[in-house]
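# Report on the structure
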Amino acid sequence: MYSTPDRPTYSFLYTNWKGGNYTSAYQEYYTSTYTAGNTPSDFETILVSKYDALGWNARGQMPPQVSPNYGRAGLCPTQQLVDAYPMANGDYVLDLNNPYRTRTVDGYVVLEPNYAQGSSYDPENPYSGRDPRFYATIIYNGAGLRQENGSPVTIDIYAGASSAISYGIVGRTYTGYYQRKWRHPEFTASGPNPSWRIFTLAELYLNYAEAAVESGDVSEALNAVEPIRSRVGMVNIPGGTKDQVRLYVRNERRIEFAYMDIRYMDLRRWGTTDQPMSEIRYPMGMWIEKDGDNWSYHRVPVGVVYNKLSGRMTGTQLVKLCDDGKYRLHPLSLEESNRLKERTGVNWQNPGW
C-alpha cells in the first residue's frame, strides 16, 4: 500500500498550479479533465464519470462578484466543514472528541467551538495558515479569484458587501462561504469543465486506514494516511489510542472528500439506528463585520443575522430534520413491509419507520 524503493509514494502529476491561478496541485487535480489511455493524465483517478462536473463549474456556485449572471450560490460550505480543516502545521482547530458545546443564545441553538488545546488557530484570523486543501475547497472572505473576463477580484463576504450572507437570495451565500472545489480558476460559461472523479486512490488509502483502525492496528492506519497528507505538504495525523486515531481518520475523510458524495454514507454507517446524527442538525455560518481595517467574526446559525449595534441575533434558524438515527437506514416500501409481515409474522421494517 505504501512507498517502496521501486514504487514511490503516489503524487500529482500536475504542475501548472505553480505558475498559474491554482492554490495547489490538489485544486488543479479536481478542476482538470481526466485523460484515459496508455498515458493517463494522473495516477489518482481509479473511476471517473463519462460526464463532467458541469453543474459545479459553469452553473453558478460562485460569489456574485465572480459570476453575477448565473444567479445561484450553490452548495455553500458550513462553518462545521471549515472548522474540520486543520492548520498547515497539523494542529487541529477543534477537539475532535468533543468539537462543540451546544448552547441557547438569544433563543437560538448555537454550536460553540471547543478549541483544541494548544492549537495555533486564531479565531480573530481564522483563514490564515490552514491546510492547503482548505484553500482549494472553500471560498472565504478575502479569498482571491478571477472574474469571467480574467481580472482578479478579492471576495468580500462581510456584512453589507455584494457577496455577503443574504437569506432568500439564491445567488448569495447562507453560510458566509462559497464552494471552490470543482471550479476551474479560469472558468467561463462554456468551461473548461473538470471530470467528475467517482473513486480515487485517496479513498482506497483511507478505506484501508479505517479498516486498520477498526482492527486495532493503529500504526498501519497511520502508514496508510501518510501519503494522503504528504502529497499536499501536510505532516501526518497524530498517533494515539484506537479511539483517537479513529477520529483523525474520519476527519481526514471529511476534508479530503468534501463535495464528493461520500460523507453522506460515512455518517450513516458510523453509528446505529438508536444514535441520532446530531452533528448535522444545526448548520452554522460565519457573520463578518468590517470596521475600517478591523474585522470581527460571529458564528451564527444558518438563517440568523448578527446585529452589531445590539450584539444580538435575529432571524429564523434553519435546521436539518434528517438527523434522527432512523435515517441511517432507508425504509422498506410499505407494500413490501406489509407483505413480509403477513407471511412471516415478523416486522421487517427498518427501525423508526
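Residues numbered from 1 in each chain as written. Predicted model: local features only at pLDDT ≥ 70, side-chain atom pairs only at ≥ 80, totals over all residues. Heavy atoms only, no water.

## Digging into the overall build of the protein
When helices and strands are counted, the protein shows 9 helices and 12 strands. For the protein, the C-alpha radius of gyration of 22 Å lies close to 20 Å, the compact-globule estimate for 353 residues. By principal-axis analysis of the C-alpha atoms, the protein measures approximately 70 × 60 × 45 Å. Taking all 353 residues of the protein together, 48% fall into the buried category. Within the protein, counting contacts between residues at least 6 apart in sequence, those at least 24 apart form 62% of the total. Accessible surface, the protein as shown: approximately 17,100 Å² in total, 51% of it carbon and sulfur. Each charge sign in the protein was given a centre, from 36 positive and 37 negative side chains, and these centres are 4 Å apart. (Helix = DSSP H or I, 4+ residues; strand = E, 2+ residues; numbered from the N terminus. Rg over C-alpha atoms; globule rule 2.2 N^0.38 Å. Buried < 20%, exposed > 50% of the residue type's maximum accessible area, 1.4 Å probe, protein only. Contact = heavy atoms within 4.5 Å. Areas by Shrake-Rupley, 256 points an atom, 1.4 Å probe, with all protein chains shown as cover. Lys, Arg positive; Asp, Glu negative; His and termini not counted. Charge placed at Lys NZ, Arg CZ, Asp CG, Glu CD.)

## Focus on the confidence of the model for the protein
For the protein, the average pLDDT comes to 90, and 92% of its residues sit at 70 or higher. Scored below 50 in pLDDT, residues 1–8 makes 12 contacts in the model with residues more than four places away or belonging to other chains. (pLDDT = per-residue confidence, 0-100.)

## Here's the deal with the packing of helix α5 (residues 201–214) against helix α6 (residues 218–230)
It is at 8 Å that the axes of α5 and α6 come closest, and there the two elements cross at 160°. With respect to α6, the element α5 is oriented roughly antiparallel. For the element pair α5 and α6, the recorded crossing hand is left-handed. Contacts from Ala202, Tyr205, Leu206, Tyr208, Ala209, Ala212 and Val213 of α5 reach α6 at Glu220, Ala221, Ala224, Val225, Pro227 and Ile228. Across the contact of α5 with α6, the residue classes break down as 12 nonpolar, no polar and 1 charged. (Axes fitted to C-alpha atoms, helices over the stretch in contact; angles between N-to-C directions. Parallel < 35°, antiparallel > 145°, perpendicular 65-115°, else oblique. Left-handed = near helix turned anticlockwise from the far one by under 90°. Nonpolar A, V, L, I, M, F, W, Y, C, P; charged D, E, K, R; others polar.)

## Observations regarding the environment of proline 152
By the element assignment, proline 152 lies in strand β6 (residues 152–154). For proline 152, a relative accessible area of 64% translates into the label exposed. Proline 152 sits 131 residues away from asparagine 21 along the chain, and the two C-alpha atoms are 9.9 Å apart. Once residues lying within four places of it in the same chain are set aside, the contact partners of proline 152 are Leu145 and Arg146.

## Focus: α6
Taking 1.5 Å as the rise per residue, α6 with 13 residues should run 18 Å; its terminal C-alpha atoms sit 18 Å apart, in good agreement. Contact partners of the buried residues in α6: α4 (132–137), α5 and α7 (242–256). (Expected span 1.5 Å × (residues − 1).)

## Looking at the environment of methionine 260
Relative to the helices and strands, methionine 260 is located in the loop between α7 and α8 (263–269). Looking at methionine 260, the relative accessible area reads 6%, which means it is buried. It is 17 Å that separates the C-alpha atoms of methionine 260 and isoleucine 280, two residues lying 20 residues apart in sequence. Beyond its immediate chain neighbours, meaning those up to four positions away, methionine 260 contacts Tyr30, Lys181, Trp182, Trp196, Arg197 and Thr200.

## Concerning the packing of α6 against α7
Helix packing for two helices is described by the angle between their axes and how far apart those axes are. The contact between α6 and α7 brings their axes to 11 Å, and the two run at 25°. The angle between α6 and α7 places the two elements in the roughly parallel class. The chirality of how α6 crosses α7 is left-handed. Note on element contacts: α7 touches α6 through Lys242, Val245, Val249, Glu252 and Glu256, opposite Val218, Ala221, Leu222, Val225, Ile228 and Arg229. Of the residues belonging to the contact of α6 with α7, the class tally is 7 nonpolar, no polar and 4 charged.

## Some details on a nonpolar patch on the surface
Side chains of Ile46, Leu47, Ile198 and Leu204 sit close together on the surface and give an oily, nonpolar patch of about 330 Å² of accessible area. Considering the arrangement of structural elements, one finds isoleucine 46 in strand β1 (residues 45–52). (Patch = residues over 30% accessible without salt bridge, like charges linked within 9 Å, V, L, I, M, F, W, Y side chains within 5 Å. Salt bridge = Lys/Arg side-chain N within 4 Å of Asp/Glu carboxyl O.)

## Digging into the pattern of salt bridges
Under the defined criterion, the tally for this structure stands at 19 salt bridges. Between glutamate 256 and arginine 231 there is a salt bridge; the shortest N-O distance is 2.6 Å. With a gap of 25 residues between them, glutamate 256 in helix α7 and arginine 231 in the loop between α6 and α7 connect regions that are remote in the sequence. In terms of burial, glutamate 256 and arginine 231 fall into one category: buried.

## A word on the nonpolar core
With 64 residues, the main nonpolar core has Tyr127, Phe134, Ile237 and Val245 as its most contacted residues. Looking at which element gives the most residues to this core, the answer is α5, with 7 residues. Counting residues in hydrophobic clusters, the runner-up holds 17 residues, among them Met87, Tyr100, Val304 and Tyr306. (Core = buried A, V, L, I, M, F, W, Y, C linked by side-chain atoms within 4.5 Å.)

## Section: the side chain of arginine 231
For arginine 231, a relative accessible area of 13% translates into the label buried. Within the structure, arginine 231 has its side chain in polar contact with the side chain of glutamate 44 (distance 3.0 Å). (Polar contact = N/O pair within 3.5 Å; in protein donor to acceptor, adjacent residues only side chain to side chain.)

## A look at α5
A rise of 1.5 Å per residue sets the reference length of α5, with its 14 residues, at 20 Å; its end C-alpha atoms lie 20 Å apart and thus fit the reference within 8%. Within the span of α5, buried status applies to Leu201, Ala202, Glu203, Tyr205, Leu206, Ala209, Glu210, Ala212 and Val213. Residues of α5 that are buried sit in contact with β1, β8 (195–200), α6, α7 and α8. Just downstream of α5, glycine 216 is the residue with a positive phi angle, here 90°.

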